[in-house]
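Here is how the chains run, residue by residue.
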Amino acid sequence: MELPVIDLAPYLEVAAGDESSPERSSGLTELCREVSRILKETGALLVKDPRCTAEDNDRFIDMMEKYFEKPAEFKRLQERPFLHYQVGVTPEGVEVPRSLVDEEMQEKLRAMPKENQPSTPKGPDPKWRYMWRVGPRPLKTRFQELNSEPVIPEGFPEWKETMDSWGYKMISAIEAVAEMAAIGFGLPKDAFISLMKQGPHLLAPTGSDLRRYGQEGTVFAGYHYDLNFLTIHGRSRFPGLNIWLRNGQKIEVKVPIGCLLIQTGKQVEWLTAGECTAGMHEVVVTKRTIEAIKLATERNHSLWRVSSTLFAHIASDAMLKPLGHFAESPLASKYPPICAGDFVEQELAVINLKGNKGEP
């Protein structure tokens, strides 16, 4: 199965002309319903946003390849374990896939048909990650460690501008999709984005060394869901992302050039009382990854697999609870009100990312 691509241009054109008009256009209302339907059924969405070009993605990946190719001693200078690794670099071997520590999840995995089972990780993920805060942070917050100043590595004068530029563009795409999904779900257009204002959004590219870990079956990111609201990625130069549809089917995602992939996180599940569930996914070295490695080697290109990932969050001090008509859902009681910052800290604690021990 191929995920359909949603072109955001028609929505953006109308939204730019008149704040209230997207809901009034029958064609756009249908497009918004399509967005919410796809997110509900697949937990993932491919979009084309004219503001986010393939060249923007390439510029970002070029810089991150250069960074991840630096020696480990250099990269560890940007490590901030006392801030839950929510800014700066997270070394390989720190992030623990939830499927390794969640016994309830392990039971579900064993019950899956063989062809849909995820790959079994041998331990913590062998990937690096860089966390960069995007957007304004609140003047007053109970969750200061989730809203910390960014860390800039030496020798990268273009760092801040490149990170901010790509980060803001991807946030803009998320906001458009969040508005469309709200309309499609029968909520006010700003139901989601009003809660995202001043959220601890994180541009969080990963770097996986395919020279060291390029064997078929290597798990870079074990089967897991994202704890945030929505996650967005630019196209990686090396394939390997598998997602699970709501019906349990496992598919390998192919992101067309110039497109972005959006995935549902746990916070959107909370806000919709489970109407839209957090999408499960993994990153594994596949036959297609091996083919891309061979091609990159022939062309003398970098063998670091970079994902240009951004985690969009609900604001730390905002309340997570089913919105609008979702509050009447029979499943609403499974999603009791909780402060988003408390929710994030609970989730991080489960996957060993709290305090000096662990990561995001």
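These numbers come from a predicted model, not from an experiment.

Cut-offs used in this document
- Residues numbered from 1 in each chain as written.
- Predicted model: local features only at pLDDT ≥ 70, side-chain atom pairs only at ≥ 80, totals over all residues.
- Heavy atoms only, no water.
- Helix = DSSP H or I, 4+ residues; strand = E, 2+ residues; numbered from the N terminus.
- Buried < 20%, exposed > 50% of the residue type's maximum accessible area, 1.4 Å probe, protein only.
- Contact = heavy atoms within 4.5 Å.
- 1 Å grid on protein atoms, 1.4 Å probe; cavity = no way out; pocket = protein on both sides within 12 Å on 5 of 7 lines; lining within 4 Å.
- Points joined across faces, edges and corners; volume = space filled by probe spheres on them.
- Pairing = 2+ DSSP bridges.
- Salt bridge = Lys/Arg side-chain N within 4 Å of Asp/Glu carboxyl O.
- Phe/Tyr/Trp six-rings, centres within 6.5 Å; stacked < 30°, edge-to-face > 60°.
- Patch = residues over 30% accessible without salt bridge, like charges linked within 9 Å, V, L, I, M, F, W, Y side chains within 5 Å.
- Areas by Shrake-Rupley, 256 points an atom, 1.4 Å probe, with all protein chains shown as cover.
- pLDDT = per-residue confidence, 0-100.
- Axes fitted to C-alpha atoms, helices over the stretch in contact; angles between N-to-C directions.

### Comments concerning the overall build of the protein
So, point 1. Along its length, the protein carries 13 helices and 16 strands.
So, point 2. In terms of overall dimensions, the protein has a C-alpha envelope of 55 × 45 × 45 Å along the principal axes.
So, point 3. Scored against the burial criterion, the 360 residues of the protein give a buried share of 60%.
So, point 4. Contacts in the protein between residues far apart in sequence, at least 24 positions, make up 81% of those at least 6 positions apart.

### Considerations on the layout of surface pockets
So, point 1. There is about 590 Å³ of room inside the second largest pocket.
So, point 2. Lining the second largest pocket are 22 residues, with Met105, Lys108, Tyr223, Tyr225 and Met280 positioned closest to its centre.
So, point 3. Going through the elements one at a time, helix H3 (26–42), helix H7 (103–111) and helix H11 (266–271) are the ones with two or more residues in the lining of the second largest pocket.
So, point 4. Per-element tally for the lining of the second largest pocket: the top contributor is H7, with 4 residues.

### Some points on the pairing of strand E14 (residues 309–312)
So, point 1. Going residue by residue along E14, you find Thr309 and Phe311 tucked away on one face and Leu310 and Ala312 tucked away on the opposite face as well.
So, point 2. Judged from the 2 bridges that link them, strand E5 (residues 202–203) and E14 form a sheet pairing that is antiparallel. Residue leucine 202 lies in a different strand from E14, and its bridge partner there is phenylalanine 311.
So, point 3. Here 4 bridges tie strand E8 (residues 230–233) to E14, and the two strands are oriented antiparallel to one another.

### Quick word on the pattern of salt bridges
So, point 1. Tallied over the entire structure, the rule returns 24 salt bridges.
So, point 2. Two residues, arginine 129 and glutamate 95, come together in a salt bridge whose shortest N-O distance is 2.5 Å. With a gap of 34 residues between them, arginine 129 in strand E4 (residues 128–133) and glutamate 95 in the loop between strand E3 (88–90) and helix H6 (98–101) connect regions that are remote in the sequence.
So, point 3. A relative accessible area of 5% places glutamate 95 in the buried class.
So, point 4. Ionic contacts of the salt-bridge type, sharing partners, join the residues Asp58, Asp62, Glu65 and Arg237 into one network.

### So, the packing of aromatic side chains
So, point 1. In total, this model carries 15 aromatic pairs according to the counting rule given.
So, point 2. Consider the rings of tyrosine 67 and tryptophan 159, whose centres lie 5.3 Å apart with planes at 65 degrees: the pair is edge-to-face. With tyrosine 67 in helix H4 (residues 54–68) and tryptophan 159 in helix H8 (residues 159–184), this pair connects stretches of sequence that are 92 residues apart. Each of the two residues, tyrosine 67 as well as tryptophan 159, counts as buried.
So, point 3. Centroid distance phenylalanine 185 to phenylalanine 326: 5.7 Å. Interplanar angle 75 degrees. Geometry classified as edge-to-face. With a gap of 141 residues between them, phenylalanine 185 in the loop between H8 and helix H9 (193–196) and phenylalanine 326 in the loop between strand E15 (319–320) and strand E16 (338–339) connect regions that are remote in the sequence. Accessibility classification places phenylalanine 185 together with phenylalanine 326 in one group, the buried group.

### Some remarks on a nonpolar patch on the surface
So, point 1. Nonpolar side chains collect at one region of the surface, where Leu100, Val101 and Val350 lie side by side and expose about 210 Å² of accessible area between them.
So, point 2. Counting through the fold element by element, valine 101 comes out in helix H6.
So, point 3. The class of valine 101 is partly exposed, set by a relative accessible area of 42%.

### Remarks on the confidence of the model for the protein
So, point 1. Averaged over all residues, the pLDDT of the protein is 91; the fraction at 70 or higher stands at 94%.
So, point 2. For residues 353–360, every residue scores under 50 in pLDDT, and the model assigns this stretch 37 contacts once sequence neighbours within four places are set aside.

### A look at the sheet that holds strand E9 (residues 241–244)
So, point 1. Reading across from one edge, E7-E12-E9-E10 is the order of the 4 strands in this open sheet, with antiparallel pairing throughout. Of all the strands in the sheet, just strand E7 (219–224) and strand E10 (250–252) have a single pairing partner and so form its edges. On average, each strand axis in the sheet is tilted by 20 degrees relative to the strand beside it, whichever way the strands run.
So, point 2. Bridge count between E9 and E10: 3 bridges; the pairing is antiparallel. In the sheet register, isoleucine 243 faces E10, and the bridge partner there is isoleucine 251.

### Considerations on unusual backbone geometry
So, point 1. Of note in this structure, glutamine 198 is not a glycine but carries a positive phi near 60 degrees.
So, point 2. Here glutamine 198 lies in the loop between H9 and E5.
So, point 3. Given the relative accessible area of 40%, glutamine 198 is considered partly exposed.

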